[in-house]
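Listed below, chain by chain, are the residues.
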Amino acid sequence: MGETANTTEKAPKKSWFKGLKAEFNKIVWPDRESLAKQSVAVIVISVVLGVIISILDLGIKYGIDVLIK
């Protein structure tokens, strides 16, 4: 009833480094222009979010100071 097939044959194992090299060859690297645009977008969004978080932090700090006094 619970019989399983005895297939212990394994595919020939490649070298780990050869497999790694094959995977790296599959990567599609972005061109310089799109990489620059995406990098600028990430930096701008990070700065904008940093400013928003700073403003919220100052507002909350001011609100708490007003409530405590």
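Preceding this paragraph is the structure being described.
The residue numbering used here restarts from 1 in each chain and proceeds along that chain's sequence as written. Only residues with pLDDT of 70 or above have their local features reported here, since the model is predicted, and side-chain atom pairs are shown and tallied only from 80 upward, although totals for entire chains, interfaces and linings are computed over all residues. Calculated side-chain values reflect all of the structure's heavy atoms, with hydrogen atoms and water omitted.

Draft legend 1. Molecular detail of the overall build of the protein. Under the DSSP-based scheme used, a helix requires at least four consecutive residues in state H or I and a strand at least two consecutive residues in state E, with every element numbered from the N terminus. Across its full length, the protein carries 2 helices and 0 strands. When burial is assessed residue by residue, the protein has 0% of its 69 residues classed as buried. Only the protein chains shown count as covering a residue, and every accessible area follows the Shrake-Rupley method with a 1.4 Å probe. Taken as a whole, the protein presents about 7,300 Å² of accessible surface, with 67% of it coming from carbon and sulfur. Any residue under 20% of the maximum accessible area for its type is buried, any over 50% is exposed, and the rest in between are partly exposed; the area is computed with a 1.4 Å probe on protein chains only.

Draft legend 2. How the structure looks around the packing of aromatic side chains. Only the six-membered ring of Trp is used, alongside the rings of Phe and Tyr, when aromatic pairs are assigned; centres must lie within 6.5 Å, and planes under 30 degrees apart are stacked while those over 60 apart are edge-to-face, with the rest tilted. All chains considered together, the criterion is met by 1 aromatic pair. Here Trp16 and Phe17 contribute two aromatic rings whose centre-to-centre distance is 5.2 Å and whose plane-to-plane angle is 80 degrees, an arrangement assigned as edge-to-face. Comparing Trp16 with Phe17 shows no difference in burial state: the two are exposed.

Draft legend 3. Representation of the pattern of salt bridges. When a carboxyl oxygen of Asp or Glu lies within 4 Å of a side-chain nitrogen of Lys or Arg, that pair is called a salt bridge. Applying the stated criterion across every chain, the model contains 2 salt bridges. Glu23 is paired through a salt bridge with Lys26; the nearest N and O atoms lie 3.2 Å apart. Residue Glu23 and its partner Lys26 are both found in helix H1 (residues 16–26); the two are separated by 3 residues, about one turn of the helix. Put simply, Lys37 and Glu33 hold a salt bridge, and the shortest N to O gap is 3.3 Å.

Draft legend 4. The arrangement of the environment of Ser54 in detail. Mapped onto the elements of the fold, Ser54 is located in helix H2 (residues 32–68). Only 2.9 Å separates the side chain of Ser54 from the backbone oxygen of Gly50, close enough to count as a polar contact. Two N or O atoms count as a polar contact when they lie within 3.5 Å, although within protein this holds only if one can serve as hydrogen donor and the other as acceptor, and sequence-adjacent residues are included solely when both atoms are side-chain atoms.

Draft legend 5. Broad picture of a nonpolar patch on the surface. A contiguous nonpolar patch, built from Val40, Val44, Ile45, Val48, Leu49, Ile52, Ile53, Leu56, Ile60, Ile64 and Ile68 and spanning about 1,100 Å² of accessible area, is present on the exposed surface. Examined against the element boundaries, Leu56 turns out to sit in helix H2. Residues qualify for a patch when their relative accessible area is over 30% and they have no salt bridge, like charges being joined within 9 Å and the nonpolar side chains of Val, Leu, Ile, Met, Phe, Trp and Tyr within 5 Å.

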